[in-house]
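Chain residues, written in single-letter form:
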Amino acid sequence: MQGRFEVHSHTEYSNIRLLDCINKPENLIKRAKELGLCGLFITDHECISGAVKINKIGMELYKETDGEFKVGIGNEIYLVNERTSKQKYYHFILGAKNIMGYQALKELSSFAWQNSYWDGPIERVPTLYSELAAIVKKYPNSLIATTACLGGEVSTLTKQLVDAEKLGDNATARECKQRICDFINFCLNLFGDDFYIECAPGCSREQIEVNKRLVSLAKAFNVKMVIGTDAHYLRREDRFVHKSYLNSKQGDREVDDFYEYSYLQSEEEIQENLSKSILEEYETMVKNSQEIWDKVEMYSILHKQTIPKVEVRDYSMPVSSQGDYFETHYPVLSSMLCSSDKVERYWVNECIKKLKELDKNNEEYLSRLEEEADIKRTIGEKLETNMFAYPVTLQHYVDMFWDCGSMVGAGRGSSCSGLNHYLLGITQLDPLEWDLPFWRYLNKERTELGDIDLDLCPSKRPAILRRIKDERGKNFKDEIDELSRRNLGCTLIATFGTEGTRSTILTACRGYRSEDFPDGIDSDTAQYLSSLIPSERGFLWELKDVLYGNDEKERKPIKMFINEIEQYPGLIDIMLGIEGLINKRSSHASGVILFDEDPYEFGCFMKTPKGEIITQFDLHDAEAAGLTKYDFLVTEVQDKLVECINLLQEDGEIPNNMSLREVYDTYFHPNKLPLEDERMWKALHTNNVLNIFQFDSDVGSQAAKKIAPTNIIEISWKWRMLMVLCDL
């Protein structure tokens with residue numbers, strides 16, 4: 001017989017708001033397959049941040065099992081009538097039946113996050129009933145819905161109904177019945193046969209009473225029932241680890257009875273736990289879950305990276321030939337001049353125009369530009385994207401950065417080896433003059449877009465991002481709501497913090513409970529334990545290496561650490577169970593993503609705890625889903641340079657009728673600086689310089705004084721040597 005389909009399970013991505021779960025996605029899916037399930041929905045709280053990883057694993061398993069095992073993307077949301085404080089937030093399960101259901105989940109979750117708020121000390125991300133109704137009407141026949149756990153509206157009201165009946169409180173009982181009827185009818189009107197009543201296989205008094213009543217409700221409304229284990233850990237024996245992890249927050253949260261049965265139970269365990277309530281319904285509920293399996297389509301959410309567009313000048317195609325010599329020696333450039341692609345024509349015309357302005361429209365520079373165009377076109381064909389659009393879009397925003405009053409750095413790393421970057425005004429170093437080969441940035445064997453990192457003023461970055469949001473939001477499709485239009489033209493990229501070796505030890509000690517340590521292991525002991533972990537090149541060893549050694553890395557077990565933690569039975573299991581878990585969300589230091597007409601085509605969004613809008617996916621998953629990162633870094637020196645220019649203009653040393661960019665190009669551009677002037681280098685040797693990029697630290701300033709560079713090449717090589725020494 002085909003196995004059961006699990007409708008309610010969680011992974012570490014449920015930890016991004018509150019610590020909640022110790023399941024890694026890959027381990028959860030592996031365990032589900034081991035137990036003989038035919039698949040599962042992964043329904044993390046409020047987010048679908050694990051969707052890309054889940055989808056990758058799911059598609060692989062679907063192929064390996066000849067379509068027998070399905071992994072669906074879901075979401076556990078919280079339903080309310082309005083966004084107010086001190087109210088009940090009802091749990092509700094949604095699972096995507098198909099690609100449109102996935103689209104619905106992205107939009108619904110993103111809107112909830114954009115409207116998130118703090119209710120006392122807890123951040124809340126609820127969805128309004130009206131918003132759920134609107135999204136279901138927009139994407140009909142795309143979502144499976146269940147009533148969720150004891151925290152769901154039906155189960156909560158059913159428990160209240162049972163309690164009221166025991167007390168003889170008829171008024172409350174009637175109110176509960178009416179609200180239950182109203183909610184079930186609401187769900188039936190929205191989801192029809194895709195709505196299911198969920199029961200949990202638990203043995204608590206509340207769960208037994210609720211389960212029995214749920215059967216009556218299901219029959220009264222002709223709604224099918226399914227089992228949801230609400231898996232927050234994998235096995236019964238993992239309960240101690242999960243409980244300890246939640247205890248580590250040292251709050252008032254219930255961590256014992258509520259999660260006692262919230263693991264991925266085997267079918268034998270489910271039957272045992274239902275034996276006190278509704279075991280006779282087990283077979284029917286399994287068949288109902290198989291019906292859900294049958295409804296779930298498998299689809300890939302992976303997509304080739306798309307490059308955001310900007311409006312560019314539409315250069316006309318030449319009316320006459322460029323000449324045999326040009327067409328023979330520069331075939332790619334020649335074809336681009338006649339390309340039907342407006343962006344290609346713009347790129348080549350802008351570059352050649354700049355070469356003429358610089359009086360460098362000669363064989364050496366045209367050959368280099370031909371080389372770069374050839375490489376870009378080849379990689380673009382492999383990636384199925386227009387590689388010329390990336391620098392063209394960035395050129396547009398470099399112009400905007402200057403207009404916003406921000407300095408833009410000369411360029412970082414290998415991006416300075418692009419002649420086209422220099423000609424488009426993105427970088428400020430002529431790579432031919434500095435002998436920078438283009439293969440350092442891109443070559444035909446490296447099938448990737450390539451990054452260009454830019455340095456901006458920290459004080460101007462918020463205004464820059466706001467201006468980009470406004471500009472791109474205006475180009476959204478008409479059906480995009482105003483809140484999304486205001487927020488999603490440009491967003492930061494999510495990062496997820498994890499339990500590293502040190503934080504694992506401290507967290508495990510806080511959450512540890514025993515007869516001798518009812519309040520956990522004290523902080524001083526935890527700090528001492530963490531101090532016993534060796535480090536190499538600034539990185540602590542992983543716990544498995546500390547405990548068991550690592551022959552490949554020539555590491556031996558650390559006996560002192562092992563002897564210490566063995567004094568606390570079970571502590572090792574807690575540490576190994578939580579090491580590496582996602583435990584927080586934040587934003588990428590520099591990465592931003594720009595969105596075209598529909599931000600939800602490839603994107604999904606949430607907020608950082610500070611309220612910044614970010615993607616729900618980290619960088620790698622965002623790129624796998626079809627998005628492209630731009631790096632807008634901030635460096636303090638840019639602000640100082642702007643302030644220096646302002647002061648010089650105030651004192652009449654520089655004309656005050658010039659724009660920031662005009663001043664920079666006239667006086668501060670690398671081509672204008674007296675790089676051979678000994679006085680400048682002597683100031684560096686004596687540490688009489690306010691800022692030197694990458695040499696601002698105490699170690700850096702001492703190194704600058706000691707190595708005494710006398711030109712740019714020397715300082716760059718010596719900085720590299722300093723970095724190598726730091727790694728040793």
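Cut-off values and rules
Residue numbers restart at each chain and count upward from 1, following the sequence in its written direction. Only residues with pLDDT of at least 70 are given local features in this predicted model, and only at 80 or more are side-chain atom pairs given and counted; all residues enter the totals for whole chains, interfaces and linings. Side-chain metrics in this entry use all non-hydrogen atoms of the structure; hydrogen atoms and water are not considered. For the purposes of this entry, the term helix denotes a DSSP run of H or I that reaches at least four residues, the term strand denotes a run of E that reaches at least two, and both are numbered from the N terminus. The buried label applies to any residue whose accessible area, calculated with a 1.4 Å probe on protein chains only, is under 20% of its type's maximum; exposed applies above 50%, and partly exposed to all values in between. All accessible-area figures derive from a Shrake-Rupley calculation using a 1.4 Å probe, and residue coverage is judged against the displayed protein chains alone. We treat Lys and Arg as the positive residues and Asp and Glu as the negative residues; His and chain ends play no part in the count. Every charge is mapped onto a representative atom, which is NZ of Lys, CZ of Arg, CG of Asp or CD of Glu. Between two residues, a contact is recorded if the distance between any of their heavy atoms is within 4.5 Å. The rule for a salt bridge is simple: a side-chain nitrogen of Lys or Arg has to be within 4 Å of a carboxyl oxygen of Asp or Glu. Under the pairing criterion, centres of Phe, Tyr and Trp rings, with the six-membered ring standing for Trp, must be within 6.5 Å; the plane angle then separates stacked pairs below 30 degrees from edge-to-face pairs above 60, leaving the rest tilted. Nitrogen and oxygen atoms within 3.5 Å of one another constitute a polar contact, given that in protein one can donate a hydrogen and the other can accept it, and given that sequence-neighbouring residues count only through two side-chain atoms. Surface patches are defined over residues having more than 30% relative accessible area and no salt bridge, joining like charges when they lie within 9 Å and nonpolar side chains (Val, Leu, Ile, Met, Phe, Trp, Tyr) when within 5 Å. We call a set of buried residues a nonpolar core when its members are Ala, Val, Leu, Ile, Met, Phe, Trp, Tyr or Cys and they connect through side-chain atoms within 4.5 Å of each other. Two strands pair if DSSP finds at least two bridges between them. In this description, a line fitted to the C-alpha atoms serves as the axis of each element, helices being fitted only across the stretch in contact, and the angle between N-to-C directions of two axes falls anywhere from 0 to 180 degrees. For classification purposes, angles smaller than 35 degrees are called roughly parallel, those larger than 145 roughly antiparallel, those between 65 and 115 roughly perpendicular, and all remaining angles oblique. We call a crossing left-handed when the near helix sits turned anticlockwise from the far one by less than a right angle, and right-handed when that turn is clockwise. Gly is put with the polar residues, along with every residue not named as nonpolar or charged; the nonpolar set is Ala, Val, Leu, Ile, Met, Phe, Trp, Tyr, Cys and Pro, and the charged set is Asp, Glu, Lys and Arg. Throughout, a disulfide means two cysteine sulfur atoms within 2.5 Å of one another. Here is how to tell: hold the view so the strands point away, follow the path from the first strand over the helix to the second, and if it runs clockwise the crossover is right-handed.

A. How the structure looks around the overall build of the protein chain. Across its full length, the protein chain holds 29 helices and 18 strands. Sorting the 728 residues of the protein chain into buried and exposed places 55% on the buried side. Carbon and sulfur atoms provide 49% of the accessible area of the protein chain, an area that totals close to 33000 Å². Computed over 87 positive and 119 negative side-chain charges, the separation of the two mean positions in the protein chain equals 2 Å.

B. Quick peek at helix 19 (residues 501–511). In terms of burial, helix 19 is a largely internal element, eight of the eleven residues being buried. Buried within helix 19 we find Thr-501, Thr-504, Ile-505, Leu-506, Thr-507, Ala-508, Cys-509 and Gly-511. On its buried face, helix 19 sits against helix 8 (239–247), helix 20 (523–531), strand 14 (539–540), helix 21 (543–548), helix 22 (559–565) and helix 23 (571–578).

C. Quick peek at the pattern of salt bridges. The tally for this structure, following the rule as stated, stands at 47 salt bridges. Of the charged contacts in the structure, one is a salt bridge between Asp-430 and Lys-360, with a shortest N-O distance of 2.6 Å. Placement of Asp-430 in the loop between helix 16 (419–423) and strand 11 (453–456) and of Lys-360 in the loop between helix 13 (342–357) and helix 14 (363–383) is noted, with a sequence separation of 70 residues between them. Across the pair Asp-631 and Lys-629 runs a salt bridge, and its minimum N-O distance is 2.3 Å. A relative accessible area of 6% means that Lys-629 is categorised as buried. Here the salt bridges share partners, and the residues they tie into one network are Lys-97, Asp-194, Lys-224, Glu-291 and Lys-295.

D. Structural detail: the packing of aromatic side chains. Under the definition given, this model contains 25 aromatic pairs. Between Tyr-325 and Tyr-330, the aromatic rings sit 6.4 Å apart at their centres with planes inclined by 75°, giving edge-to-face as the arrangement. With relative accessibility at 3%, the residue Tyr-330 sits in the buried group. Measuring from ring centre to ring centre gives 6.5 Å for Tyr-630 and Phe-632, while their planes differ by 40°; the resulting arrangement is tilted. Take Tyr-630 and Phe-632: they sit in the same class, and that class is buried. Cluster of aromatic residues (ring-pair linked, three or more members): Phe-92, Tyr-129, Phe-183, Phe-186 and Phe-191.

E. Local environment of the environment of Lys-360. A relative accessible area of 14% places Lys-360 in the buried class. It is 21 Å that separates the C-alpha atoms of Lys-360 and Ser-335, two residues lying 25 residues apart in sequence. A polar contact is formed between the side chain of Lys-360 and the side chain of Asp-430, at a distance of 2.6 Å.

F. Spatial organisation of a negative patch on the surface. Taken together, the side chains of Glu-643, Glu-650, Asp-651 and Glu-653 make up a negatively charged region of the molecular surface. Note that Glu-653 resides in the loop between helix 25 (636–650) and helix 26 (660–668). Look at Glu-653 and you get exposed, because its relative accessible area is 58%.

G. Main features of the nonpolar core. By size, the foremost hydrophobic cluster in this structure holds 77 residues, and its most contacted members are Leu-333, Trp-347, Leu-369, Phe-401 and Ile-468. Sort the elements by how many residues they give to this core and helix 15 (residues 389–403) lands first, with nine residues. In contact with Leu-369, other than residues within four places in its own chain, are Leu-333, Trp-347, Cys-351, Ile-352, Leu-355, Leu-419, Asn-420 and Leu-423.

H. Broad picture of the sheet that holds strand 11. Reading across from one edge, 11-18-15-12-17-16 is the order of the six strands in this open sheet, with mixed pairing throughout. Bordering the open sheet on either side are strand 11 and strand 16 (605–607), each of which pairs with just one other strand. Neighbour-to-neighbour, the strand axes of this sheet turn through a mean angle of 50°, independent of strand direction. Pairing analysis gives two bridges linking strand 12 (residues 490–498) to strand 17 (residues 613–618), with the strands arranged parallel. Bridge pairing in strand 17 links Leu-492 to Ile-614. Running over the sheet, helix 15 touches strand 11, strand 15 (582–594) and strand 18 (629–634) and is turned about 30° from strand 18.

I. Representation of the side chain of Asp-20. Along the chain, Asp-20 falls in the loop between strand 1 (5–6) and helix 1 (25–34). In terms of polar contacts, Asp-20 uses its side chain to reach the side chain of Tyr-259, at 3.2 Å.

J. Local environment of the packing of helix 15 against helix 17 (residues 461–473). Where helix 15 contacts helix 17, the two axes come as close as 10 Å, and the packing angle between them is 130°. By the angle between their axes, helix 15 is oblique relative to helix 17. The crossing of helix 15 and helix 17 is right-handed. Where helix 15 approaches helix 17, its residues His-396, Tyr-397, Met-400, Phe-401 and Asp-403 are matched on the opposing element by Ile-464, Arg-467, Ile-468, Glu-471 and Arg-472. Its residues assigned to classes, the contact of helix 15 with helix 17 comprises five nonpolar, one polar and four charged.

K. Just the side chain of Thr-608, in detail. Among the secondary structure elements, Thr-608 is positioned in the loop between strand 16 and strand 17. Residue class for Thr-608 comes out buried when judged on its relative accessible area of 3%. Excluding residues within four positions of it along the chain, Thr-608 makes contact with Glu-123, Arg-585, Ser-586, Ser-587 and Ile-614.

L. Fine view of the state of the cysteines. This model, assessed by the stated rule, comprises zero disulfides. Here Cys-351 is not disulfide-linked; the sulfur of Cys-416 is the nearest cysteine sulfur, at 15 Å. For Cys-351, a relative accessible area of 0% corresponds to the buried category. No disulfide involves Cys-604; its sulfur sits 8.3 Å from the nearest other cysteine sulfur, which is in Cys-47. Note on Cys-604: relative accessible area 1%, which makes it buried.

M. Molecular detail of the environment of Leu-234. Checked against the element boundaries, Leu-234 lands in the loop between strand 10 (225–227) and helix 8. Overall, Leu-234 belongs to the buried group, its relative accessible area being 11%. As a C-alpha pair, Leu-234 and His-10 span 224 residues in sequence and 9.9 Å in three-dimensional space. Sequence-distant contacts of Leu-234, defined by excluding residues within four places in its chain, comprise Asn-23, Asn-27, Leu-28, Arg-31, Tyr-263 and Leu-264.

N. Layout of the pairing of strand 4 (residues 90–96). With respect to burial, strand 4 is a largely interior element, seven of its seven residues being buried. The side-chain alternation of strand 4 yields two buried faces, one formed by Tyr-90, Phe-92, Leu-94 and Ala-96 and the other by His-91, Ile-93 and Gly-95. Relative to strand 4, strand 3 (residues 70–80) runs antiparallel, the two sharing six bridges. Paired with Asn-75 across the strands is Leu-94, a residue of strand 4.

O. Molecular detail of the packing of helix 13 against helix 14. Taken N-terminus to C-terminus, the directions of helix 13 and helix 14 make an angle of 160°; their axes are 11 Å apart at the nearest point. The angle between the axes of helix 13 and helix 14 places the two elements in the roughly antiparallel class. Helix 14 is crossed by helix 13, and the crossing has right-handed handedness. Together, Glu-344, Trp-347, Cys-351, Ile-352 and Leu-355 of helix 13 and Tyr-365, Leu-366, Leu-369, Ala-373, Lys-376 and Arg-377 of helix 14 make up the contact between the two elements. Grouping the amino acids of the contact of helix 13 with helix 14 by side-chain chemistry returns eight nonpolar, no polar and three charged.

P. Expanded view of the pairing of strand 2 (residues 39–42). Burial of the side chains of strand 2 extends over both faces: Gly-39 and Phe-41 are buried on one face and Leu-40 and Ile-42 on the other. Relative to strand 2, strand 1 runs parallel, the two being bridged by two bridges. The partner of Glu-6 across the bridge, within strand 2, is Leu-40. Taken together, strand 1, helix 1 and strand 2 form a β-α-β motif whose crossover is right-handed. Note: strand 2 against strand 3, four bridges, orientation parallel. Along strand 3, the bridge assignment pairs Gly-39 with Lys-70.

Functional significance is not addressed by these values, which are geometric in nature.
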